[in-house]
Amino acid sequence: MTQKPNLSHGRGYLAIPGPSVMPEAVLQAMHRPAPNIYEGELVDMMPGIVADLKRVARTEHHATIYIGNGHAAWEAALSNVVAPGERVLVPATGRFGHGWADMAAGIGADVEIIDFGKSAPFDPTRVAEALAADTDHRIKAVLAVHVDTSSSVKNDVAALRAVLDAEGHPALLMADCIASLGCDRFEMDAWGVDVVVTGCQKGLMVPPGCAFVFFNDRAQAARAAMPRVSRYWDWVPRSEGTQFFQYFAGTAPTHHLYGLRTSLDMIHAEGIENVWARHGVLARAIWAACDAWATQGEMRLNISDPAYRSTAVTSLRLGQADGTRLRDWVQNQLGLTLGIGLGMAEPGDPKRDAFFRLGHMGHVNGQMVMGMLGGIEAGLCALDIAHGRGALDAAAEVIGGA
Ligand SMILES: *Cc1c(COP(=O)(O)O)cnc(C)c1O
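Being a predicted model, the structure only gives us computed values, none of them experimental.

Brief notes about the sheet that holds strand β13 (residues 336-340)
Reading across from one edge, β1-β13-β14-β12-β11 is the order of the five strands in this open sheet, with mixed pairing throughout. The strands lining the two open edges of the sheet, one partner per strand, are β1 (13-15) and β11 (300-301). Here two bridges tie β11 to strand β12 (residues 313-317), and the two strands are oriented antiparallel to one another. Residue pairing for β12: R300 is matched across the bridge by R317. Docked against the sheet, helix α12 (residues 366-382) engages β1, β13 and β14 (355-359), running at close to 80° with respect to β13.

Next up, the structure:
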């Protein structure tokens, strides 16, 4: 008897929500001997990198780069503006909101969480109530996750600025854009965001290792009033950058900077508006396919209202263990890696294996998304998981009609 051939040999697609697919050009830019960190090309590149990062965040204010991941960005930002004992308000919409809240607790902040569950955006009126109740303005900052990568919800960050202004509350508005920068529209200055944290390994298409914090003059004033800030996290010398080593409080992430230079060139050559629009079309194709699958069986998108869905990550569920079965099958048989469900069910809960996620952030195009959807369709058929028909037609119509 001949064995059924395995179809996973070929170029794989890591369709998880970060680290994202790395462009060949980024990899090639990083493939070089160690550069001089005291003078020359790398040192000369820095002002341009900072300026082009700010263009992605849509800010004219300040930017800092840390060697670190998203968790480092969380702690870096908090360390500059929140002193032990000061209060932060966290409207949580998934695992990452709770993660940032926990990071704040770790630096000694008094954390107030408003939990909006795992499948809905935050409600600005409930945030307004919490701010109104804070009559002596003890809340120093509101920590908002723009896209919570676990639930794939996209929150209305600009609405929080409106709420803070309407309440006349002086708290800083801080946003986690780790999963959204370079994917979903985000406007730091126009939306009145005081501090933005992000990382390089999602929409920015660089291997994990750089964390970014953007801040405006209000945040700078809060930093100036801090009793102390740890030398490593302090954003003052890093953002002034009169000497190259000051940008990094030590050795620069040399190769990451070359990768980042290339990814920023790619983003600005395409145009950030076009980058957002591309993510939008690809996401709508994915949702159209999911809607078709959902007409039979148990497949469901986690966020029902398209206005509140991320265009970079999609959280879904099937019945019981079928999410994990599907992931395993497409991985082993097709070379397609889907994201695990994250924080949607507690350990030991049989529903835990129902959830999975699709990453479609950064260096992703139409054929990759059609391939991913086709792979899922094949998996649903192979595993006899009930599903509606016509998913690929629906996705093709969105992409073809774009
Ligand atoms: C990925 C992610 C993080 C954590 O980033 P790490 O690099 O894993 O530390 C935090 N917040 C959001 C929204 C994310 O998507």
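Following the structure, the description resumes.
Points about the site of the ligand
Taken together, 13 residues lie around the ligand, and H71, T149, D176, Q201 and K202 are the ones closest in. In the model, an oxygen atom of the ligand is placed 2.6 Å from a nitrogen or oxygen of the Q201 side chain. Here the ligand loses 89% of its free accessible area of 380 Å² to cover by the protein chains. Among the residues forming the shell around the ligand, the class breakdown is six nonpolar, five polar and two charged.

Side note on the sheet that holds strand β8 (residues 172-176)
Working definition: the strands of a sheet are paired by backbone hydrogen bonds and lie parallel or antiparallel to each other. Taking strand neighbours across the sheet as the criterion, the seven strands line up as β2-β10-β9-β8-β5-β3-β4 in an open arrangement whose pairing is mixed. If you trace the sheet from one side to the other, it starts and ends with β2 (62-67) and β4 (110-115), each paired once. Averaged over all pairs of adjacent strands, the angle between their axes in this sheet comes to 20°, without regard to strand direction. Sheet analysis places strand β3 (residues 87-92) next to strand β5 (residues 139-145), joined by three bridges and oriented parallel. When the bridges of β5 are listed, R87 appears paired with I139.

A short note on the domain arrangement of the chain
What the domain assignment lists for the chain is domain 1 (32-269) and domain 2 (271-400). Taking only C-alpha atoms, the centre of domain 1 and the centre of domain 2 are 28 Å apart. Counting from both sides, the interface comprises 29 residues of domain 1 and, opposite them, 25 residues of domain 2. Taken together, the two surfaces of domain 1 and domain 2 that pack against each other cover about 2,300 Å², and 59% of this comes from carbon and sulfur. At the junction of domain 1 and domain 2, the tally comes to three salt bridges. Among the salt bridges present, the one from R185 reaches E273, with a minimum N-O distance of 2.6 Å. Sorting the residues of the side of domain 1 that touches domain 2 by element identifies α4 (95-106), β7 (153-154) and α9 (254-270) as the ones contributing at least two each.

Some details on the packing of helix α5 (residues 124-133) against helix α6 (residues 157-167)
Two elements in contact, α5 and α6, have axes whose closest approach is 10 Å; the angle formed by their N-to-C orientations is 30°. Considered as vectors, α5 and α6 are oriented roughly parallel to each other. Considering how the two elements wind past one another, α5 and α6 form a crossing that is right-handed. Of the residues in α6, those touching α5 at P124, V127, A128, L131 and A132 are A159, L160, V163, L164 and E167.

Section: the pattern of salt bridges
Under the counting rule described, the total for this entry stands at 22 salt bridges. Between E346 and K118 there is a salt bridge, and its shortest N-O distance comes to 3.6 Å. Here E346, found in the loop between β13 and β14, pairs with K118, found in the loop between β4 and α5; they are 228 residues apart in sequence, far enough to count as distant. A relative accessible area of 33% places K118 in the partly exposed class. Its salt-bridge partner being R278, residue E270 comes within 2.7 Å of it at the nearest N-O pair. What makes E270 partly exposed here is its relative accessible area of 30%. One network of salt bridges, with partners in common, ties together D52, R55, R261 and D265.

Thresholds applied
Residues numbered from 1 in each chain as written. Predicted model: local features only at pLDDT ≥ 70, side-chain atom pairs only at ≥ 80, totals over all residues. Heavy atoms only, no water. Pairing = 2+ DSSP bridges. Helix = DSSP H or I, 4+ residues; strand = E, 2+ residues; numbered from the N terminus. Contact = heavy atoms within 4.5 Å. Axes fitted to C-alpha atoms, helices over the stretch in contact; angles between N-to-C directions. Near = heavy atom within 4 Å. Polar contact = N/O pair within 3.5 Å; in protein donor to acceptor, adjacent residues only side chain to side chain. Areas by Shrake-Rupley, 256 points an atom, 1.4 Å probe, with all protein chains shown as cover. Nonpolar A, V, L, I, M, F, W, Y, C, P; charged D, E, K, R; others polar. Domains from an automatic or database assignment. Buried area = accessible area lost by both parts, 1.4 Å probe. Salt bridge = Lys/Arg side-chain N within 4 Å of Asp/Glu carboxyl O. Parallel < 35°, antiparallel > 145°, perpendicular 65-115°, else oblique. Left-handed = near helix turned anticlockwise from the far one by under 90°. Buried < 20%, exposed > 50% of the residue type's maximum accessible area, 1.4 Å probe, protein only.

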